[in-house]
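Here is how the chains run, residue by residue.
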Amino acid sequence: MIIGNIGLDSSARVAFQSHAHTDHFVSGEVIFATKATKFLSHLRKGGFYKEVEFGKTFYIDDLKAKLYPAGHMLGSAGIKLWLENGTLFYTGDTKWFKLRTAEKSRFPRADVLIIEATFGVPHFTFPSPREAEKKLIAFVEEALGKGKRPTLYVNQMGKAQEVMKILEIHGYTVKASREMVKVARIYSKFGIAFGNIAEDGEVLLRSNRPPKANPWELTVSGFGQLKLSNHGDFWELMRIVEKVKPEKIFTVYGYAREFARILKGLGYDAHPLERDSHLNL
Ligand SMILES: [Zn+2]
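Residues numbered from 1 in each chain as written. Predicted model: local features only at pLDDT ≥ 70, side-chain atom pairs only at ≥ 80, totals over all residues. Heavy atoms only, no water.

(A) Broad picture of the coordination of the zinc ion. Coordination of the zinc ion by the protein involves His 19 (NE2), His 21 (ND1), His 72 (NE2) and Asp 93 (OD), with metal-donor separations of 2.2 to 2.3 Å. Between the 4 donor atoms coordinating the zinc ion, the angles at the centre fall across 89 to 169°, so the site counts as irregular. All donors of the zinc ion belong to a single chain; written as a sequence motif, their spacing is H-x1-H-x50-H-x20-D. Here the residue His 19 occupies a position in the loop between strand E3 (14–16) and strand E4 (30–33), and Asp 93 occupies one in the loop between strand E9 (86–90) and strand E10 (112–116), the gap between them amounting to 74 residues. Accessibility assignment for this pair places His 19 and Asp 93 in one class, buried. (Donors = N, O, S within 2.8 Å, 3.2 Å for Na, K, Ca; no water. Tetrahedral: all angles 85-135°; square planar, octahedral: opposite > 155°, others 65-115°. Helix = DSSP H or I, 4+ residues; strand = E, 2+ residues; numbered from the N terminus. Buried < 20%, exposed > 50% of the residue type's maximum accessible area, 1.4 Å probe, protein only.)

If you want it as structure tokens, here you go:
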């Protein structure tokens, strides 16, 4: 979205990038982001990033702004902007519940909310991260108990490190891809170290699922078999809406149209938004 002249996860002369997943990469003369997002993005792209800390007031052009942890992965942030006619909060990709390797999310009050809707229909109801963790460990124990090597399919950035951390806490070693290890090295610069990465790790982490399913393989994703998601499910998104108490809502990504329709039915002034649309507020 482009608000006035500022890109929010959209390329513009001055842009904000919420986190380091490639589908949120932006270009611009100056890209505002957290330090972790800058370091993680630089694994794959260049660009001049202006580091901003959570909770500190800063200015984009002459607009007051502040970042809040989004809980989606290390460094992920939502942004609050003080516009002429009120305040706006953009969530980026976000999660209400705390993951082990992401900062605990926080949501401010704002007049206008732009919220992600990746899982914006009630059909998406996820177990809590701790419940999902128990299922993950049960799966790993069962496979190892039968002499099989469990394989987990995970996104290389964010999910892989979350799963590595869970396995470390439960005493398992992992064999991860080179990319996952590179990302993990950056996590360790921010205090999240992994002592369980090994060439002959007990659990195999892979990023691309082969077409044929095997009983000792599991996809860890909100869309997969084990619903340990770094996005909020429908109910988490609703909690965020209630917390922000907006007068107007725009929904983006995934089920944006459906989520806006549901919110409208609940009495909210809600509209779906295209990823690169311009908003003049
Ligand atoms: Zn993301």
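(B) Quick peek at the packing of helix H3 (residues 159–169) against helix H4 (residues 178–189). Between H3 and H4, whose axes approach to 9 Å, the crossing angle comes to 75°. When the axes of H3 and H4 are compared, the pair comes out roughly perpendicular. Residues Ala 160, Gln 161 and Met 164 of H3 pack against Met 180, Val 183, Ala 184 and Tyr 187 of H4. For the contact of H3 with H4, the residue count by class is 6 nonpolar, 1 polar and no charged. (Axes fitted to C-alpha atoms, helices over the stretch in contact; angles between N-to-C directions. Parallel < 35°, antiparallel > 145°, perpendicular 65-115°, else oblique. Contact = heavy atoms within 4.5 Å. Nonpolar A, V, L, I, M, F, W, Y, C, P; charged D, E, K, R; others polar.)

(C) Here's a closer look at the packing of aromatic side chains. Considering all chains together, one arrives at 16 aromatic pairs under this definition. Aromatic pair Tyr 187 and Phe 194: ring centres 6.4 Å apart, planes at 50°, arrangement tilted. Neither Tyr 187 nor Phe 194 differs from the other in exposure class; each is buried. When the centroid spacing of 4.8 Å and the interplanar angle of 90° are considered together, the rings of Phe 234 and Trp 235 count as edge-to-face. Feature note: the residues Phe 119, Phe 124, Phe 126, Phe 223 and Tyr 255 constitute an aromatic cluster, connected by ring pairs. The ring of Phe 25 carries Lys 45 above its face, with NZ or CZ at 5.5 Å from the centroid. (Phe/Tyr/Trp six-rings, centres within 6.5 Å; stacked < 30°, edge-to-face > 60°. Lys NZ or Arg CZ within 6 Å of the ring centre and 35° of its normal.)

(D) The arrangement of a positive patch on the surface in detail. A surface patch of like charges, here positive, comprises Lys 98, Lys 104, Arg 106, Lys 243 and Lys 245. When you line up the elements, Lys 243 lands in helix H5 (residues 234–244). Its relative accessible area of 44% is what places Lys 243 among the partly exposed residues. (Patch = residues over 30% accessible without salt bridge, like charges linked within 9 Å, V, L, I, M, F, W, Y side chains within 5 Å. Areas by Shrake-Rupley, 256 points an atom, 1.4 Å probe, with all protein chains shown as cover. Salt bridge = Lys/Arg side-chain N within 4 Å of Asp/Glu carboxyl O. Lys, Arg positive; Asp, Glu negative; His and termini not counted. Charge placed at Lys NZ, Arg CZ, Asp CG, Glu CD.)

(E) The environment of Ser 128, seen in detail. Considering the arrangement of structural elements, one finds Ser 128 in the loop between E10 and helix H2 (129–145). On the basis of relative accessibility, which here comes to 25%, the residue Ser 128 falls in the partly exposed class. Considering only alpha carbons, one finds Ser 128 and Lys 227, 99 residues apart in sequence, at a separation of 9.0 Å.

(F) Region of interest: the sheet that holds strand E14 (residues 217–219). Strand order in the open sheet formed by 4 strands is E12-E13-E11-E14, and the pairing between neighbours is parallel. Since the sheet does not close on itself, it has two edges, and those belong to strand E12 (174–175) and E14, each with one partner. The sheet contact formed by E12 and strand E13 (residues 203–206) spans 2 bridges and is parallel. Bridge pairing in E13 links Val 174 to Val 203. Sheet strands in contact with H2 are strand E11 (151–153), E13 and E14, and its direction is about 145° off that of E11. (Pairing = 2+ DSSP bridges.)

(G) Looking closely at H3. In terms of residue burial, H3 counts as a mostly covered element, since 9 of its 11 residues are buried. Within H3, the full set of buried residues consists of Lys 159, Ala 160, Gln 161, Glu 162, Val 163, Met 164, Lys 165, Ile 166 and Leu 167. Of the surrounding secondary structure, the elements contacted by the buried residues of H3 are H2, E11, E12, H4 and E13. Looking at the residues trailing H3, positive phi occurs at Gly 171, about 85°.

(H) Spotlight on the sheet that holds strand E8 (residues 77–83). Spatially, the 7 strands line up as an open sheet ordered E6-E7-E8-E9-E10-E15-E16, and their pairing is mixed. Edge positions in the open sheet fall to strand E6 (58–60) and strand E16 (270–272), since each of these has one partner strand only. Between one strand and the next, the sheet's axes are offset by a mean angle of 25°, whatever the strand orientation. Two strands pair when backbone bridges link them, and E8 and E9 are joined in this way by 5 bridges, in the antiparallel orientation. Within E9, the residue paired with Leu 81 across the bridge is Leu 88. Set on the sheet, H5 makes contact with E9, E10 and strand E15 (248–252); between it and E10 the angle comes to about 165°. Across the sheet, helix H6 (residues 256–265) touches E10, E15 and E16, and the angle it forms with E16 is around 170°.

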